[in-house]
Amino acid sequence: MKKTIVEDCLMLDVNKLNKDRLFHKGQAWRGTVEWSGGSSIGYEGHPDHDGRYDLLIILSYRFQEEDIKIPVPIVSTPCHVGGKRFWFLCPGARCLRRVGKLYKPLDRRLFLCRHCHDLSYESRQSWDSRCEANILGDALEIAGILDPRSGSTPKQQFRQASRVLRYLFKKGMK
Ligand SMILES: [Zn+2]
């Protein structure tokens, strides 16, 4: 079965949530995140008084008639250039991976990391076919077929095209 791809999910980016540097203020706040498709969720930020995390973000939204509230811990690591870099701890059962992004496929309940949802990138799935297309384009160009400046005669073009086809055929045999 084809995997769900990252590009088909609602995505939360820890750096975008922190764009107003709210994570540094140490006080509670509320916000909303909206996506271009019309989906939106609310969230509240809270300092973590237990001190285990830097803070907790509580995501709240409706999914299939159910009100969902999930706490997502936020932690930080120091940056080389000074300051802090923030991370979500994935709220998936037994996951707690430190990630910059959480995803929710439209048909699933929770925002989790890429691993928990077993997501892949569209660019990775289509890599092989794009690669083939590039090879074909390069081969045709090398043969002068796509390049009008090559000035090849029809007979030369025919020979070049045969060469390209033989090349592609050999590649396909591997
Ligand atoms: Zn996870």
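Residues numbered from 1 in each chain as written. Predicted model: local features only at pLDDT ≥ 70, side-chain atom pairs only at ≥ 80, totals over all residues.

1. Some remarks on the overall build of the protein
Thinking step 1. What the protein contains, in helices and strands, is four helices and eight strands.
Thinking step 2. Looking at the 174 residues of the protein, the share that counts as buried comes to 13%.
Thinking step 3. When contacts within the protein are restricted to residue pairs at least 6 apart in sequence, those whose partners lie at least 24 apart make up 32%. (Helix = DSSP H or I, 4+ residues; strand = E, 2+ residues; numbered from the N terminus. Buried ≥ 20, exposed ≤ 12 C-beta atoms within 10 Å, placed from the backbone. Contact = placed C-beta atoms within 7 Å.)

2. Focus: the nonpolar core
Thinking step 1. Residues Val 72, Ile 74, Phe 88, Cys 90, Leu 102, Phe 111 and Leu 112 are the most contacted members of the largest nonpolar core, which totals 19 residues.
Thinking step 2. Top element by residues in this core is strand S4 (residues 55-63). It accounts for four residues.
Thinking step 3. If we ignore the near neighbours within four places in the chain, the residues touching Leu 102 are Leu 12, Val 72, Phe 88, Cys 90, Phe 111, Leu 112 and Cys 113. (Core = buried A, V, L, I, M, F, W, Y, C linked by C-beta atoms within 7 Å.)

3. A look at unusual backbone geometry
Outside of glycine, negative phi angles account for most residues, and trans bonds account for most peptide bonds.
Thinking step 1. The residue Gln 64 is not glycine, and still its phi comes out positive at about 45°.
Thinking step 2. Examined against the element boundaries, Gln 64 turns out to sit in the loop between S4 and strand S5 (66-78).
Thinking step 3. At Glu 65, a position not held by glycine, the phi torsion is positive, near 70°.
Thinking step 4. Examined against the element boundaries, Glu 65 turns out to sit in the loop between S4 and S5.

4. Let's talk about the sheet that holds strand S7 (residues 98-99)
Thinking step 1. Here six strands make up an open sheet; going across it, the order is S2-S3-S4-S5-S6-S7 and the pairing antiparallel. Looking at which strands have only one partner, the edges of the open sheet turn out to be strand S2 (29-34) and S7. (Pairing = 2+ DSSP bridges.)

5. Side note on the environment of Gly 92
Thinking step 1. Tracing the backbone shows Gly 92 in the loop between strand S6 (84-89) and S7.
Thinking step 2. For Gly 92, a count of 16 C-beta atoms within 10 Å puts it in the partly exposed group.
Thinking step 3. Taking C-alpha positions, Gly 92 is 8.4 Å from Phe 111, a pair spaced 19 residues apart along the chain.
Thinking step 4. When near neighbours in sequence (up to four residues on either side) are disregarded, Gly 92 contacts Leu 112, Cys 113 and Cys 116.

6. Remarks on the pairing of S2
Thinking step 1. Counting buried residues in S2 gives zero out of six residues, a small share hidden from the surface.
Thinking step 2. Pairing of S2 with strand S3 (residues 40-47) involves six bridges; the strand directions are antiparallel. Bridge pairing in S3 links Glu 34 to Ser 40.
Thinking step 3. The turn linking S2 back onto S3 is made up of five residues, and Gly 38 within it adopts a positive phi angle of 105°.

7. Some points on the pairing of S3
Note on strand geometry: in a regular strand, side chains alternate between the two faces of the sheet.
Thinking step 1. Inspection of the sheet shows S3 paired to S4 by six bridges, in the antiparallel sense. Bridge pairing links Gly 45 to Ile 57 in S4.

8. Quick notes on the environment of Trp 29
Thinking step 1. Assignment of secondary structure puts Trp 29 in strand S2.
Thinking step 2. Along the backbone, Trp 29 and Gly 45 are 16 residues apart, and their C-alpha atoms lie at a distance of 5.2 Å.
Thinking step 3. Beyond its immediate stretch of four places on either side in the chain, Trp 29 contacts Leu 22 and Gly 45.

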